[in-house]
Amino acid sequence: MTRTMTIMAVILMAAVALVPIVADDSDAKDSARFCDSYILSTTYKWIDGTVVRDDCLYYKTSNTEAIDAFEKCIKDREGTLPEDDSRTLKAGDIVRIYYATKDISVNVPISVKTPEGYEDRSQIISSMEMPYPPGLFVKAGDTFSIRIDKAVDNYGKDVMCYVVDNGTVYDLSETYTKTMKTTSEFTFETDSPSGGCNGRFYVDIQYDSSGFSEPSGSAALFAGICAAVTIAIFCILAYAGLKPKWSK
Amino acid sequence: MSLKSGFKGVFDPKISEDRPPAPVEKTPEPKEFQEREESGTWRDTGYSATDEEAHRDVKYSIKSPLHQTFAVFMVQMKLFSKMKWTYILLFTALLIPIIAFAAPDFIEIMSNFGYGGDYSTTRIAGLLFFLPLMLGLMTSIMCGTQMPSEFKERTAYMNIPMPMSRASFFFGKYLAGFVMCLGIFMFAYSMAVATALKDYDTIFPDLVTSSLLLTVVGVLAYSATAYCIGCFTKKGSSIFPFALMSFIIPLIVVIVCSQTDDYTLTLLPMFLGEAALGILGGTMSGSAGMVVLGSMDLTATWLMIVIGIAWTVGFLLLGYFQTQRREM
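The notes below deal with the structure included here.

Rules and cut-offs
- Residues numbered from 1 in each chain as written.
- Chains lettered and ligands numbered in written order.
- Predicted model: local features only at pLDDT ≥ 70, side-chain atom pairs only at ≥ 80, totals over all residues.
- Helix = DSSP H or I, 4+ residues; strand = E, 2+ residues; numbered from the N terminus.
- Buried ≥ 20, exposed ≤ 12 C-beta atoms within 10 Å, placed from the backbone.
- Expected span 1.5 Å × (residues − 1).
- Contact = placed C-beta atoms within 7 Å.
- Nonpolar A, V, L, I, M, F, W, Y, C, P; charged D, E, K, R; others polar.
- Pairing = 2+ DSSP bridges.

Some words on the environment of Leu-94 of chain B
All names here are of chain B.
(1) Moving on: Inspection of the secondary structure assignment puts Leu-94 in helix 4 (residues 84–102).
(2) Moving on: Residue classification places Leu-94 among the partly exposed residues on the basis of 13 C-beta atoms within 10 Å.
(3) Moving on: A sequence separation of 96 residues divides Leu-94 from Ser-190, and the C-alpha atoms of the two residues are 9.9 Å apart.

Right under this line is the structure:
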């Protein structure tokens, strides 16, 4: 019994040690999409004369196809944002307004044009999508280099990407190299949106890089190995709790 | 002295040299002895048995050191099977998937504070957020009171006089504590990886393996420390080793590191839990060492493992020395 368990433990440990060698593989992408802003949304009853900032997107709540396409684009990081319904809106329509902002908490700025002037009808956020940074993963001890050839936001405007390292600003349009002491996601900063926008829905980048890693091993296999070791240990515990034949 | 004889010397039961001298056996007269022996024995019945039937060929001797250690290990495991803490700690590990599935919003909120979620390993590190703290707590509970309770409950006075070396007694109990803690942490890892499977299919196997190794060495070092401290105390404490390893030493190290701007001291075993999370890409942990997590040099994990093993050996030898010289 003890011998069998010892052999099983050795096989499990060997599997734990060998699987990474067989399964590990590093790869680098040449394009990515990330978001540097919070995406806020709210619903609003459209009124004649409503003026919403042009960096907001709004869809009729009945237009579920467009809303689904928007959500998919933001969450799955692929496709383009659908065109908004601004041209076909009528008074009384319920619309969902999406707003990209660098601030974590703001009212969506809405104003209504009345004979007396503009009236503030700003709406407090009702849901929120966190910004997702560019996912470039570096393992401890690895040296990576990156050069961002092109960065364009959802408005089609160029975005400047940079990184601040020990107080020095490095423009990522030129090659940036670093050796990591800890395992972490490499993130970089972007400049503020131009044209009065408060945020961007996404930024597409094309880059040339090396030293970044992509996961490639089976999570299920590891969960299985850990579970097997746990079960083996608790079998010993159960065996010890039985009539102590082992003590003879 | 060869290594083999030295090892044998440690594990073989020793008889105290200051015992009273054995009484001198008197040899009876041969003829009288034979007559007395043969009267009223089986010889009168005519029964005869072979050497095998009469067990004359059986050689009775003290069990091997490995067998003695195994017996102590199993006895301690049996005690663990009756301990409520075993099941409480297991339930703690079971909370990982429960919280992740029952309160997904909590995970989202945590992402604001650096809880990584873009990669499977950072998610696993987030799910094992309290690993460094639990390393100290669980090993203290399981190993900190093992030896003192033997003396407190007087069971040591029955166990040690048995044909068993003190080394087997000492290491058997430690091994049981270590294996028990290891089982709980492996359960926690399997729960975290399985929970991460909900969102991710792939992981970085080398990083998870490194993290597992660091945790195993962490369990070794923490449990050896708690066990050793227990050997030096009469009543035993689950709180003191926990406070020492999880708060007192880490806070001193954090202060020294921040003052000198040199983080070499984070190679000490008290930061193995943080390193296990850091190597996965975790940026925060529920422990005193979270302050230095970002400044640790995780390229030297092999050195941390070596230091952890050396720490374990040192504390085990210290505890063994104390157990050997303990008056019974």
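From this point, things continue past the structure.
Structural notes on helix 3 (residues 219–241) of chain A
Since the α-helix turns once every 3.6 residues, residues separated by three or four places project in the same direction.
(1) Moving on: Between the first and last C-alpha of helix 3 of chain A there are 33 Å, a value that for 23 residues agrees with the 33 Å anticipated at 1.5 Å per step.
(2) Moving on: When helix 3 of chain A is considered as a whole, its buried residues turn out to be Ala-219, Phe-222, Ala-223, Ile-225, Cys-226, Val-229, Thr-230, Ile-233, Ile-236 and Ala-240 of chain A.

Regarding the interface of chain B and chain A
(1) Moving on: Taken together, the contact pairs 43 residues of chain B with 40 residues of chain A.
(2) Moving on: Counting only elements with at least two residues in the side of chain B that touches chain A, the list comes to helix 3 (65–82), helix 10 (166–196), strand 1 (202–203) and helix 11 (205–232) of chain B.
(3) Moving on: Sorting elements by how many residues they give to the side of chain B that touches chain A places helix 10 of chain B first, with 10 residues.
(4) Moving on: For the side of chain B that touches chain A, the residue count by class is 25 nonpolar, 13 polar and 5 charged.
(5) Moving on: Inspection of the sheet shows strand 19 (residues 217–218) of chain A paired to strand 1 of chain B by 2 bridges, in the antiparallel sense. Within strand 1 of chain B, the residue paired with Gly-217 of chain A across the bridge is Ile-203 of chain B.

A short note on the pairing of strand 13 (residues 161–165) of chain A
Consecutive side chains along a regular strand alternate between the two faces of the sheet.
Residues and elements named next belong to chain A.
(1) Moving on: Here 2 bridges tie strand 13 to strand 17 (residues 189–190), and the two strands are oriented antiparallel to one another. Counterpart to Cys-161 in the pairing with strand 17 is Thr-190.
(2) Moving on: Judged from the 4 bridges that link them, strand 13 and strand 14 (residues 168–171) form a sheet pairing that is antiparallel. When the bridges of strand 14 are listed, Asp-165 appears paired with Thr-168.

Let's talk about the pairing of strand 7 (residues 110–114) of chain A
All names here are of chain A.
(1) Moving on: Of the pairings in the sheet, the one linking strand 3 (residues 50–52) to strand 7 comprises 3 bridges and is antiparallel in character. Looking at strand 7, one finds that Val-51 is bridged to Ser-111.
(2) Moving on: Looking at chain direction, strand 7 and strand 8 (residues 117–120) are connected through 4 bridges and run antiparallel. The residue bridging Val-112 from the neighbouring strand is Glu-119, located in strand 8.
(3) Moving on: Connecting strand 7 to the next strand, strand 8, in antiparallel fashion are 2 residues.

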